[in-house]
Every structure is written in structure tokens, then in C-alpha cells.
Amino acid sequence: MTPETFSLPSGAWELPDELELLRETVAQFMRNEVRPIEDRQPHDCFELPEADLAGLQAKARDLGLWCLSSPVAHGGGGLGLLAQVLVAEEAAKCRMGAYVPACGAFGIDPPSVIWLGNDDQIKRYGVAGIQKGKKSFVAISEADGGADPARSIKTRAERVGDHYVINGTKMWITAADKADWGLVFARTGDAGDRGGISCFIVDRHMPGISVREIPVIRSYSPFEVHFENVRVPAENRLGAEGEGFAVCQKWLVHARVPYAAAVIGIAQEALGMATAWARQRKSFKSALADKQAIQWMIADSEMELRASRLLTYQAAWRADLGHDIKIEASIAKVMATEAAGRVIDRCVQIFGALGVARELPIERWYRELRIKRIGEGPSEVQRMVVARHLINEGR
């Protein structure tokens, strides 16, 4: 599918029938296929048994739900950003959905910037990721700063003949332990120069690469990745030297929109569970749902989620129409992640002690959604982006 497949609305917020069908298809798949298998797994699991995952992925492929943001020409779903948002919202509605949507049933898209590479890079890494399930990681952040990585990156790549030699350490890198390859952003220019960063495709098992798990509050730990004299062929550079951030800037911005949609999906699922609990739970001779305090928690949560959803859909819709969505993506990311955090907190309160028990996914979501206000650029940086745009616009 391509963005042009769908006739986007020009006025009122009403999704086309094709997108409503896509949403319902994913929702049914989650209810009928994914959750029954996930329910049999340990509370904090982040991957399914190999046989179960293979069965789910085969069914997803039959439905056309495979690597949905990757180009159709290379075996992906080719969905536009609004369609990706709808899928992200529904695919997150499972226990491990915050970081492993649909429990991995829909495959893992290669980083979209790989499609900006040359034919050989696309075939060896992008297409292999879709067809053979090869996993990847993206290594940007470092210990000295993740909010402004272009200026804080200290990992260096020195050109030596027909290779680059990489030295340095990356932090908070998801999937680095099981990935087959990764994109590494390293400095080839002067310190502090945003234009001095280059992007390299690095095979995970090249000599000199080591990884160390960093335990955090979520069940799915990130990793520290250390590079010691790692020799990377010059043909593995993605894009021109010094243009590392230029080749992925659009990707970084667009990624914030499905990211926002996923937390909305989780929070909406939690709110539905809390509302159902409030109807049946008796306290002081009446249902929790009859208490004004509980009613206001439910009402505030629904209003915040609806507002966040509209902002997220609008950002995606404008992207599909070809607009620059840097500001819209920042707004959607902040509004969705902060609203979702408040909603989950209220849900814990409504459930009481049960809200922090491992009988329910609520406590896991509570832990994992806290990270979402930091990942993909913290709230403070997104606010800075919006403020600078408004201030500079008037000058």
C-alpha cells in the first residue's frame, strides 16, 4: 500500500473506509491471535516462544500485515504515516505492546533510512531485514547526551584507506544483543559540529564490538555498545561523509508520530479495563463508578486521550500530504506521552492494590510508559523545538 492508496479527507476528521478496515483488521488480529498466546507467557516477557511467533507471523503475512512502513517494492506494506499510526495504536494493546507491538507478529521494519542507501546496501540490509527477518539497531545516543546527539557525539570514525575505524561507546541501544546489523552515527568532523556526523552500516559481529545490558524499569533492557578499533568498509557508509543526520532527519521526526499513537493505544486499553472494574467493584455500599472522584478520573482520561489522538492523527495526515511536520510531531509526542502517563496513573488508583499487582498488565504499562517521556527526544526538548519555532517565526 502507498499513501496514495487512500483518499485522505480534506476537511472533517473522518477516516476513509480503507483505513477503518485496516484498523479493525489489526484489532481483530490482536484479540483473536496475539493476546491468547501472550496470556500464556510470564508477566514481564518480551518475546514469544519461537514456534508461537512463527505461527503468528505466518498469519500476519497472509493478511498483508508485514513490515508495514517498508516499501512495497521491497516486500513491505508501504503504509503512509496515518495508516502506520492506526496500526501502532492497535498493535500496542497487549502486555508487551509498549516496546514489542503485536508481540512481534508484524515483523520489524528496518530503519527507513536504509532505503536511502545504494542498491547493494538496500539488498544486503533492507531487503534481508524484510524477507529473512534480520534484526537491526540504531546507535545514536551516548553517555554525554542523548537529547542533542549531533553535538554531543564523541564516537569517532577515522578514514584509513578503504575503511573507517570506529572507536567509542553508545548507550541505551535497543536490540543490540540480538541484532544482525546496525546503523552507527559517528563523528567524522570537528567536535560539536552537527555537520560532522556520518552514518555507518555495521555488522553486529565485526571484531571489536561488545555489548553490555543496562537493566532499567522496563522488562526489555537496552544495551551499551562499545566499539574498539572496529574496521568498517568505506562502502558501508550510508550517504555522504558529514551528512549522517541529514539522511535521517525526516525519519527521526516521523518516528515520533507512531510512537505517540502506541502510548495512546495502551492508555486507552488501560482506561477500558479500569472503567469496567469501576462498574463492578463495590465500595461503601455502591459501585466505584458511582463515586464522583472516579467519574472525574475516567472523564479526564478520555478527554486527554481524544485530544492527543487528534493531534497525532493530524500530524500523520499532514505528513501524508507532503508537509513538514517537525512541529506537529513534537506536539503530538509530548501531548500523547504525558497524557498516557497521567491516564495510567489514574488507572492504578482506580484499581487500588490490584493496580500494582502482576495479575494485570497495568503495573507493567505504568513502568514502561514512564520511559516514553524520555525516548524519541524528551518532553523538554520537544517543547524547546515548538518554542523556538514560534519565537523565530515572529522575528
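Residues numbered from 1 in each chain as written. Predicted model: local features only at pLDDT ≥ 70, side-chain atom pairs only at ≥ 80, totals over all residues. Heavy atoms only, no water.

(A) The side chain of Ser301, seen in detail. For Ser301, the location among the structural elements is in helix α7 (residues 292-320). On the basis of relative accessible area, Ser301 is assigned to the buried category, the value being 1%. Contact partners of Ser301, with chain neighbours within four places excluded, come to Leu271, Val343 and Arg346. (Helix = DSSP H or I, 4+ residues; strand = E, 2+ residues; numbered from the N terminus. Buried < 20%, exposed > 50% of the residue type's maximum accessible area, 1.4 Å probe, protein only. Contact = heavy atoms within 4.5 Å.)

(B) Quick peek at the pairing of strand β2 (residues 156-160). When β2 meets strand β3 (residues 163-173), the two strands line up antiparallel, connected through five bridges. By the bridge assignment for β3, Glu158 is matched with Val165. The hairpin formed by β2 and β3 contains two residues between the paired strands, and Gly161 there has a positive phi angle of roughly 65 degrees. (Pairing = 2+ DSSP bridges.)

(C) Expanded view of helix α1 (residues 17-38). Taking 1.5 Å of rise per residue, 22 residues should cover 32 Å, and α1 covers 30 Å from first to last C-alpha, within 8% of that figure. The largest bend in α1 comes to about 40 degrees, at Met30. Among the residues making up α1, those that are buried are Leu19, Leu22, Arg23, Val26, Ala27, Phe29, Met30, Val34, Ile37 and Glu38. Lining the buried residues of α1 we find α2 (50-62), α3 (81-91) and α7. (Expected span 1.5 Å × (residues − 1). Bend = angle between axes of the 7 residues up to and from the residue.)

(D) Focus on the nonpolar core. If you look at the biggest cluster of nonpolar residues, it comprises 73 residues, and the most contacted ones within it are Leu22, Phe106 and Val257. Going through the elements one at a time, α1, α2, α3, α6 (244-280), α7, α8 (326-351) and α9 (362-372) are the ones with two or more residues in this core. Leaving out residues up to four positions away in the same chain, Leu22 has contacts with Leu65, Leu79, Ala83 and Val87. Counting residues in hydrophobic clusters, the runner-up holds 22 residues, among them Cys67, Ile201, Leu238 and Trp251. (Core = buried A, V, L, I, M, F, W, Y, C linked by side-chain atoms within 4.5 Å.)

(E) Region of interest: the environment of Arg231. Mapped onto the elements, Arg231 comes out in strand β7 (residues 223-233). Taking the relative accessible area as the measure of exposure, Arg231 reaches 45% and is therefore partly exposed. Distance from Arg231 to Gly208, taken between C-alpha atoms, is 8.3 Å for residues 23 residues apart in sequence. Each residue touching Arg231, except ones within four places of it in the same chain, is listed here: His163, Tyr164, Val165 and Met206.

(F) Main features of the packing of α1 against α3. Where α1 contacts α3, the axes come no closer than 9 Å and their chain directions differ by 25 degrees. Considering their axes alone, α1 and α3 lie roughly parallel with respect to each other. Read as a crossing pair, α1 and α3 show a hand that is right-handed. Contacts from Leu19, Leu22, Arg23, Val26, Ala27 and Met30 of α1 reach α3 at Leu82, Ala83, Leu86, Val87, Glu89, Glu90 and Ala91. (Axes fitted to C-alpha atoms, helices over the stretch in contact; angles between N-to-C directions. Parallel < 35°, antiparallel > 145°, perpendicular 65-115°, else oblique. Left-handed = near helix turned anticlockwise from the far one by under 90°.)

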